Amino acid sequence: MPNRNACLVVNAGSSSLKFSVFQGAGKADLEAVITGQISGIGTEPLFEAKDAARRPLAKENLARTGHGERAAMLGFLLNWIAARLDGAKLVAAGHRVVHGGTLFAAPVALTPAVLTELEALVPLAPLHQPHNLAAIRALAEAYPELPQVACFDTAFHQTQPWQAQTFAIPRELTAEGVRRYGFHGLSYEYIARRLPEIEPALHDARVVVCHLGNGSSLCAMRAGRSQDTSMGFTALDGVPMGTRPGVLDPGVLIYLMREKGYGADELEKLLYHKSGLLGVSGLSNDMRALLDSDDPRAAEAVELFCHGVAKQAAALAASMGGLDALVFTAGIGEHSAPVRARVAEKLAWLGVALDAAANRAKATRVSAAGSRIPVFVIPTDEERMIASHTLDLLSKTSRIAPDIVRAA
Ligand code: ADP
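What counts as what
- Residues numbered from 1 in each chain as written.
- Predicted model: local features only at pLDDT ≥ 70, side-chain atom pairs only at ≥ 80, totals over all residues.
- Heavy atoms only, no water.
- Helix = DSSP H or I, 4+ residues; strand = E, 2+ residues; numbered from the N terminus.
- Rg over C-alpha atoms; globule rule 2.2 N^0.38 Å.
- Buried < 20%, exposed > 50% of the residue type's maximum accessible area, 1.4 Å probe, protein only.
- Contact = heavy atoms within 4.5 Å.
- Areas by Shrake-Rupley, 256 points an atom, 1.4 Å probe, with all protein chains shown as cover.
- Pairing = 2+ DSSP bridges.
- Axes fitted to C-alpha atoms, helices over the stretch in contact; angles between N-to-C directions.
- Polar contact = N/O pair within 3.5 Å; in protein donor to acceptor, adjacent residues only side chain to side chain.

Describing the overall build of the protein
Part 1 of the argument: The secondary structure content of the protein amounts to 15 helices and 13 strands.
Part 2 of the argument: Radius of gyration (C-alpha) of the protein: 21 Å, near the 22 Å computed for a compact globule of 408 residues.
Part 3 of the argument: Overall, the protein is about 55 × 55 × 45 Å in size when its C-alpha atoms are taken along their principal axes.
Part 4 of the argument: Looking at the protein as a whole, 53% of its 408 residues qualify as buried.
Part 5 of the argument: For the protein, the share of sequence-separated contacts (at least 6 apart) that also reach a separation of at least 24 residues comes to 62%.
Part 6 of the argument: Carbon and sulfur atoms make up 54% of the accessible area of the protein, which totals about 18400 Å².

Topic: the sheet that holds strand β10 (residues 216–222)
Part 1 of the argument: Read across the open sheet, the 5 strands follow the order β11-β10-β9-β12-β13; overall the sheet is mixed. Each edge of the open sheet carries a strand with a single partner, namely β11 (225–229) and β13 (375–377). Adjacent strand axes in the sheet meet at a mean angle of 25° when their direction is disregarded.
Part 2 of the argument: Two strands pair when backbone bridges link them, and β10 and β11 are joined in this way by 4 bridges, in the antiparallel orientation.

Some remarks on the side chain of Gln129
Part 1 of the argument: Assignment of secondary structure puts Gln129 in helix α3 (residues 129–142).
Part 2 of the argument: Using a relative accessible area of 0% as the deciding quantity, one classes Gln129 as buried.
Part 3 of the argument: Separated by 3.2 Å, the side chain of Gln129 and the backbone oxygen of Leu118 make a polar contact.

Put into structure tokens, the structure is as follows:
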């Protein structure tokens, strides 16, 4: 495919690196031609890739390199991709970066100065931001001329009114950045674009979007702009998740510190890895496994999840002064009809009613004909959003800092 541009999308986590390659002549016709991941970085690196039709292209164990493993993996990946571009030109890389702080309300072309600013935000997202930035640096080392763009999970929420962003704590702390930021912004932005394409009458509607995955949050949006969201300073707040508790009385933390001698590391482990669906069920963090189980603890975990989601949805409707539509997205939101049904049941008083057959069939519109609130299932696509932003920024900027390398 000569004369076509390709864009690499990178989502780098602590032990995995998910990637996609999008190709297209312009933003409108972007196609994900390759998707894949390198998992087990630091233990047993495994490379897997699929083509546009999700057919396997590769699955191989990679040799461990010890120091600089992430850079080596990215080098391998870029070489592997280059051999499969079929005449297309890799013009840029777009990264999912968890935190843009208050500085970045939109995607940004990466320069050494921007990297320094993002480095300063590491304390706000210590479990994610360092891995995002390590991938950017590693790619810059290997391909110094390749323009790179950062797309933030927080940026979409910058439009929120101050009441939604502010904790009721002393002002000095708020001024230091202890405030609500919100996450999953790229997913919400994608839904904000898709919903009016599906139902044009909803272009200025008050919508609650339930992004329910391993990490889950909800967003209140009006006319496609974020008004409020369930996650706050970190990705811990809001609804119960795979291994995170969601909203938790902060007094519990003081109790654990005073009475049980918990330190920061133990609290972090408890809140990020041992709670949520896993903690309550004692079985699994995976919603599918819990729905398939007949253990009563699994049923309790699912019920606690649905209770939390319905409660947040109602709170966010109150935050906007009403509700015109409800959207489910991400792994659980897209695939789990029983969870959607249970949440909808709990929101019946708001005028939500599902069509059971449409819900089971995962139709785009799953509400009953008489439902006051239309309900949609819309598959999210954060990677497409990143590719789209990256190419957009590339076309608006004649030259994006090819000197990004070695900013450390
Ligand atoms: P992440 O936050 O890691 O991106 P995903 O959006 O992929 O997570 O969602 C993962 C969750 O989606 C898991 O709890 C998984 O069990 C759930 N899920 C995926 N498919 C189904 C299904 N068919 N039924 C119920 N849950 C599902």
